[in-house]
Amino acid sequence: MSPDAVEVDELREDVLGWSDALDRMEQELHGALAAVDPVPWRPPIGLGPIPPELQERAARLLEAQLHTMRYLEDVRQTTARHLAAVRAVPRAEAGPHPVYFDLIG
């Protein structure tokens, strides 16, 4: 096999390895929004530098991950505020009274 063919095969392996790694990361990102139990992330081993043809895809994935992290943090904070409001309602009410509380303020 010629040195050029070996180099092409190695480049192809890099692209396939990175493509698989990016596929897994995208699936995990979608799982974060679909209430799927998270799987601990393990970085890919032995991939080397990302091939140039996958850099744009990786950058889009990173941006989507950052957006998802911000979204999930907003949801967490909103949920915490709602829980605080619910906990603020007195529990020892005598009789069936309607209870109202402000979720916005």
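Throughout what follows, the structure given in this document is the object of discussion. These numbers come from a predicted model, not from an experiment.

**Some details on the overall build of the protein chain**
Across its full length, the protein chain holds two helices and zero strands. Burial analysis of the protein chain (105 residues in total) assigns 15% to the buried set. Long-range contacts, defined here as pairs at least 24 residues apart, represent 72% of the contacts in the protein chain between residues at least 6 apart. Entry remark: accessible area of the protein chain is about 8800 Å², with carbon and sulfur atoms responsible for 60%.

**Quick notes on the layout of surface pockets**
Take a probe with the size of a water molecule and roll it over the atoms, and the empty space left behind shows itself. In this structure, the largest pocket occupies an estimated 320 Å³ of space. If you go around the largest pocket, you meet 13 residues; those closest to its centre are Glu28, Leu29, Ala32, Pro38 and Val39. Among the secondary structure elements, those contributing two or more residues to the lining of the largest pocket are α1 (3-33) and α2 (52-87). Top element by residues in the lining of the largest pocket is α1. It accounts for six residues. Residue classes in the lining of the largest pocket are distributed as seven nonpolar, four polar and two charged.

Definitions and cut-offs
Residues numbered from 1 in each chain as written. Predicted model: local features only at pLDDT ≥ 70, side-chain atom pairs only at ≥ 80, totals over all residues. Heavy atoms only, no water. Helix = DSSP H or I, 4+ residues; strand = E, 2+ residues; numbered from the N terminus. Buried < 20%, exposed > 50% of the residue type's maximum accessible area, 1.4 Å probe, protein only. Contact = heavy atoms within 4.5 Å. Areas by Shrake-Rupley, 256 points an atom, 1.4 Å probe, with all protein chains shown as cover. 1 Å grid on protein atoms, 1.4 Å probe; cavity = no way out; pocket = protein on both sides within 12 Å on 5 of 7 lines; lining within 4 Å. Points joined across faces, edges and corners; volume = space filled by probe spheres on them. Nonpolar A, V, L, I, M, F, W, Y, C, P; charged D, E, K, R; others polar.

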